[in-house]
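Residue-level structure breakdown
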Protein chains: 2
Amino acid sequence: MDNGLPITLDPEPRQGAQAIRRALFLLRVLAAGGESGLPLKEVVQATRLSRPTVHRIIHVLMEEGLVERHERSGRYAIGTQVPELALARPSRSPLLAAADDILRETSQRVGDTLFLTVRTGNDTLCVDRRIGSYPIQVLSIAIGARRPLGVSSAGVAILAALPAQESRRIAATNEPRFAGYRTDRQTVLSEIADARRRGYGVREVGLVQGTKSISTWIKTADGTPAAALTISAVRTRLGPRREQEVVETLLKAAYEVEQKIR
Amino acid sequence: MDNGLPITLDPEPRQGAQAIRRALFLLRVLAAGGESGLPLKEVVQATRLSRPTVHRIIHVLMEEGLVERHERSGRYAIGTQVPELALARPSRSPLLAAADDILRETSQRVGDTLFLTVRTGNDTLCVDRRIGSYPIQVLSIAIGARRPLGVSSAGVAILAALPAQESRRIAATNEPRFAGYRTDRQTVLSEIADARRRGYGVREVGLVQGTKSISTWIKTADGTPAAALTISAVRTRLGPRREQEVVETLLKAAYEVEQKIR
DNA sequence: CGGTTATTGTCCACATTATGGACAATGGAT
DNA sequence: ATCCATTGTCCATAATGTGGACAATAACCG
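Residues numbered from 1 in each chain as written. Chains lettered and ligands numbered in written order. Predicted model: local features only at pLDDT ≥ 70, side-chain atom pairs only at ≥ 80, totals over all residues. Heavy atoms only, no water.

1. Brief notes about the pairing of strand β4 (residues 123–130) of chain B
The two faces of the sheet receive side chains in turn, since in a regular strand these alternate between them. Residues and elements named next belong to chain B. Threshold: Relative accessibility thresholds used throughout: buried, under 20% of the residue-type maximum; exposed, over 50%; partly exposed, between the two (1.4 Å probe, protein chains only). Each helix is a run of DSSP H or I of at least 4 residues and each strand a run of E of at least 2, with the numbering of both proceeding from the N terminus. Note: two strands are recorded as paired if DSSP finds a minimum of 2 bridges between them.
Burial of β4 is extensive: seven of the eight residues sit out of reach of the surface. Bridge count between strand β3 (residues 113–120) and β4: seven bridges; the pairing is antiparallel. If you follow Leu116 over to β4, its bridge partner there is Asp128. The hairpin formed by β3 and β4 contains two residues between the paired strands, and Gly121 there has a positive phi angle of roughly 65°. The pairing of β4 with strand β5 (residues 146–148) spans three bridges and is antiparallel.

This is the structure:
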């Protein structure tokens, strides 16, 4: 696969921090659990770590305030310290700022809900959502929703925009988590291939019954995908003809965002 | 010191996570560096860890996206992943919601800038700020500003509201960081004692020349301090007589917040 | 410029730390 | 009252993370 081009490969990861890496991975898994959090068991399954290890790390994170445990349910979730640490950063990322106007205009034009989704590690994260004017809107994904790369059309689009090698690596890494979303590695890999061929990602069978999603990718100057732009609607609203129209609109919008963030 | 009362002592901290604890401590130190971040050297000083250890951990955190390095300055700062993790939580804490109206009314009444500051670990963190109507306002502290407990009037107030044992422990822990704020443990301890006697914290010599701050504490139902309510103004605006008036207003506002969060 | 210092980065022998198998406790469910 | 599912704890042991010593830059300066 080495074609001599200056592809930026990740330098071999630094050693001597297994525990820290594990803890951060745990945090991301917990983040995927959102406000309601996850029971220990699911965290163990998603991480493929031993239960004692997960237990120990999660309790240390609790002592440190990065994780909370819900009184009633016993589920573990992201704690108050995390947003507190986040205050050290400017409130709005360049991407969000750049996409703001474009999202508004585009969602008005197409009438359906638009999502802006970024990649964060091996996950997708919904960072903005604009509701359209059509009376039936797909709102299943909220801002902050996090899923393994590959299980949503946005995730597939982002994987399709990555070098094949890396997308395969991520699909392999996320494999243990796919079961929870009723998919598997083979399916994801073929969806990625489809998306590469088409130039955009599609999901006929959304996580919500009867919905369909289409995603285009947004690349940074160096060619790595920065985000995905997704439209979701009830399936009947995205038949072949309209799919073409909508895709054109999305591609144009994605291109505009790309220009703004350079 | 054991008087038989059911004082909640921290259970002995869990073992087997030295590295994780260190990494989180590093994150908090970096958070104190705000947007501009800190050079490695200062992180080393603040943490009292060996330089190789800090270096290794910080670079792992960079690989994981929790820390960024500024291109120009080479300083390390909190990275994009942190706010991304924070999206897993509801946007607004109960405290902020409860304090919202009260802060607005109170800042209108007194005319000077009000700050709402919480304790997070061994730090204070400014989580809200309301600017008053008087033409000279002290704005030195921004939302997100983080300092070791003890160096601001808010920090002193919170320490004063904690059990003596714990406030002493924190003052000792933070000692290495005090130098950077031109204070020391002895001074802090005596300020805490003063605040306990008075019922509120005062700082005649603010971090900014010629300003003065007064802080009252806000306690949760279980008696632990949840936050501090601070007024800052140019010193001449807080002479003895007005100090009394302002303190009464602050105490009343703090009491109202306390009622709301129970 | 060459030289000096301040800061950041790397290496690796070694001791401490973190690991996970096995066992215990808790708490619903029936 | 008994069972099953889930969470919690222990501890011998291997592997991980540590920090002293050395190296490489970057910043400063005459």
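Right, picking up where we left off after that structure.
2. Regarding the domain arrangement of chain A
All names here are of chain A. To keep things clear, this is the line we draw: An automatic or database domain assignment is the source of the domain bounds shown. Two residues form a contact once any of their heavy atoms are found within 4.5 Å. The term buried area denotes the loss of accessible surface (1.4 Å probe radius) that occurs when two parts are joined, taken as the sum for both partners.
Each domain of chain A was delimited in the assignment, giving domain 1 (18–86) and domain 2 (94–260). Inter-centroid distance (C-alpha atoms) of domain 1 to domain 2 is 27 Å. The interface is formed by six residues belonging to domain 1 together with four residues belonging to domain 2. When the two sides are added together, the surface that domain 1 and domain 2 hide from each other amounts to roughly 560 Å², 60% of it contributed by carbon and sulfur.

3. Overview of the relation of the copies chain B and chain A
Inclusion rule: We place the copies in one frame by least squares, fitting the C-alpha atoms of every residue whose pLDDT is at least 70 in both.
Overlaying chain B with chain A gives an RMSD of 0.1 Å, the required rotation being 180° about an axis along which the chain moves by 0.0 Å. These values place the two chain copies in the arrangement generated by a two-fold rotation axis. Considering only C-alpha atoms, the residue of chain B closest to the rotation axis is Ile20 of chain B, which sits at 2.5 Å. Mapped onto chain A, 100% of the interface residues of chain B are again interface residues, and the two copies thus contact each other with one and the same surface.

4. Description of the sheet that holds strand β8 (residues 225–234) of chain B
All names here are of chain B. We apply this condition: Under this scheme, a helix contributes an axis fitted over its contacting stretch, all axes are lines through C-alpha atoms, and angles between N-to-C directions fall in the 0 to 180 degree range.
The strand order across the open sheet formed by six strands is β5-β4-β3-β8-β7-β6, and the pairing between neighbours is antiparallel. The open sheet has two edge strands with one neighbour each: β5 and β6 (201–203). Each adjacent strand pair in this sheet contributes to an overall mean axis angle of 30°, direction not counted.

5. Here we look at the interface of chain B and chain A
Short version of the rule: A pairing counts as a salt bridge when a side-chain nitrogen of Lys or Arg comes within 4 Å of a carboxyl oxygen of Asp or Glu. Two N or O atoms count as a polar contact when they lie within 3.5 Å, although within protein this holds only if one can serve as hydrogen donor and the other as acceptor, and sequence-adjacent residues are included solely when both atoms are side-chain atoms.
Facing 47 residues of chain B, the contacting portion of chain A comprises 47 residues. Joining chain B to chain A, the criterion identifies eight salt bridges. Note that Arg21 of chain A and Glu63 of chain B form a salt bridge whose closest N and O atoms lie 2.2 Å from each other. Linking chain B with chain A are 18 residue pairs in polar contact (both at pLDDT 80 or more). Only α1 (18–32), α3 (51–63), α4 (81–86), β3 and β4 of chain B provide two or more residues apiece to the side of chain B that touches chain A. The greatest single-element share of the side of chain B that touches chain A, amounting to eight residues, is contributed by α1 of chain B.

6. What about the protein's contact with DNA strand C?
The line we're drawing: Distances are taken per atom, and a residue is near a molecule or strand as soon as one of its heavy atoms is within 4 Å of it. Residues are grouped as follows: nonpolar covers Ala, Val, Leu, Ile, Met, Phe, Trp, Tyr, Cys and Pro; charged covers Asp, Glu, Lys and Arg; every other residue, Gly included, is treated as polar.
Within the structure, DNA strand C sits among 21 residues, and Arg56 of chain A together with Gln18, Ala19, Arg51 and Arg69 of chain B are positioned closest to it. Restricting the count to atoms of DNA strand C within 4 Å of the protein gives a sugar and phosphate share of 65%. Residue Gln18 of chain A places a side-chain N or O atom 3.2 Å away from a phosphate oxygen belonging to DNA strand C. Note that a phosphate oxygen of DNA strand C is positioned 3.0 Å from one of the side-chain N or O atoms of Arg22 of chain A. Secondary structure elements with two or more residues in the surface near DNA strand C: α1 (18–32) and α3 (51–63) of chain A together with α1, α2 (40–47) and α3 of chain B. Examining the composition of the surface near DNA strand C, we find that four residues originate from one element, α3 of chain B, more than from any other. For the surface near DNA strand C, the residue count by class is eight nonpolar, seven polar and six charged.

7. Structural notes on the protein's contact with DNA strand D
In the vicinity of DNA strand D lie 21 residues, with Gln18, Ala19, Arg51 and Arg69 of chain A together with Arg56 of chain B positioned nearest. Within 4 Å of the protein, atoms of DNA strand D come from sugar and phosphate in 68% of cases. Here a phosphate oxygen of DNA strand D sits 3.3 Å away from a polar atom, N or O, in the main chain of Leu40 of chain A. Mapped by element, the contributors of at least two residues to the surface near DNA strand D are α1, α2 (40–47) and α3 of chain A together with α1 and α3 of chain B. For the surface near DNA strand D, the element with the highest residue contribution is α3 of chain A, accounting for four residues. Residue classes in the surface near DNA strand D are distributed as eight nonpolar, seven polar and six charged.

8. Observations regarding the side chain of Glu84 of chain A
Here Glu84 of chain A shows up in helix α4 (residues 81–86). At a separation of 2.6 Å, a polar atom in the side chain of Glu84 of chain A contacts the side chain of Thr120 of chain B. If we skip the residues at most four places from it in the chain, Glu84 of chain A touches Val118, Thr120, Leu125 and Arg146 of chain B.

9. Comments concerning the environment of Gly223 of chain B
Relative to the helices and strands, Gly223 of chain B is located in the loop between β7 (211–219) and β8. Expressed as a C-alpha distance, the spacing of Gly223 of chain B and Ala161 of chain B, which sit 62 residues apart in the sequence, is 8.5 Å.

10. A few points about the sheet that holds strand β5 (residues 146–148) of chain A
Residue and element names in this part refer to chain A. One open sheet accounts for six strands, arranged β5-β4-β3-β8-β7-β6; its pairing is antiparallel. Two strands in the sheet have a free side with no partner beyond their single neighbour: β5 and β6 (201–203). Within the sheet, the average angular offset between the axes of one strand and its neighbour, ignoring direction, is 25°. Sitting on the sheet, helix α7 (residues 164–178) is in contact with β3 (113–120), β4 (123–130) and β5, with an inclination near 105° to β5.

11. Looking at the packing of aromatic side chains
For the record, the criterion: Any pair of Phe, Tyr and Trp rings, taking the six-membered ring for Trp, is counted once the centres come within 6.5 Å. Such a pair is stacked with planes under 30 degrees apart, edge-to-face with planes over 60 apart, and tilted for the rest. Should the NZ of a Lys or the CZ of an Arg lie within 6 Å of a ring centre and within 35 degrees of the ring normal, that charge is described as sitting over the ring.
Tallied over the full model, the rule gives zero aromatic pairs over all chains. Taking the ring centre of Tyr134 of chain B as reference, the NZ or CZ of Arg237 of chain B above it sits at 3.5 Å.

12. Here's the deal with the pattern of salt bridges
According to the stated counting rule, one finds 40 salt bridges over all chains in the structure shown. Ionic pairing is found between Asp101 of chain A and Lys260 of chain A, a salt bridge with its closest N-O pair at 3.9 Å. Of this pair, Asp101 of chain A sits in helix α5 (residues 94–110) while Lys260 of chain A sits in helix α9 (residues 240–260), placing them 159 residues apart in sequence. The residue Asp100 of chain B makes a salt bridge to Arg130 of chain B at a minimum N-O spacing of 2.5 Å. Of this pair, Asp100 of chain B sits in helix α5 (residues 94–110) while Arg130 of chain B is found in strand β4, placing the two residues 30 residues apart along the sequence. Arg130 of chain B shares its class with Asp100 of chain B; the two are buried.

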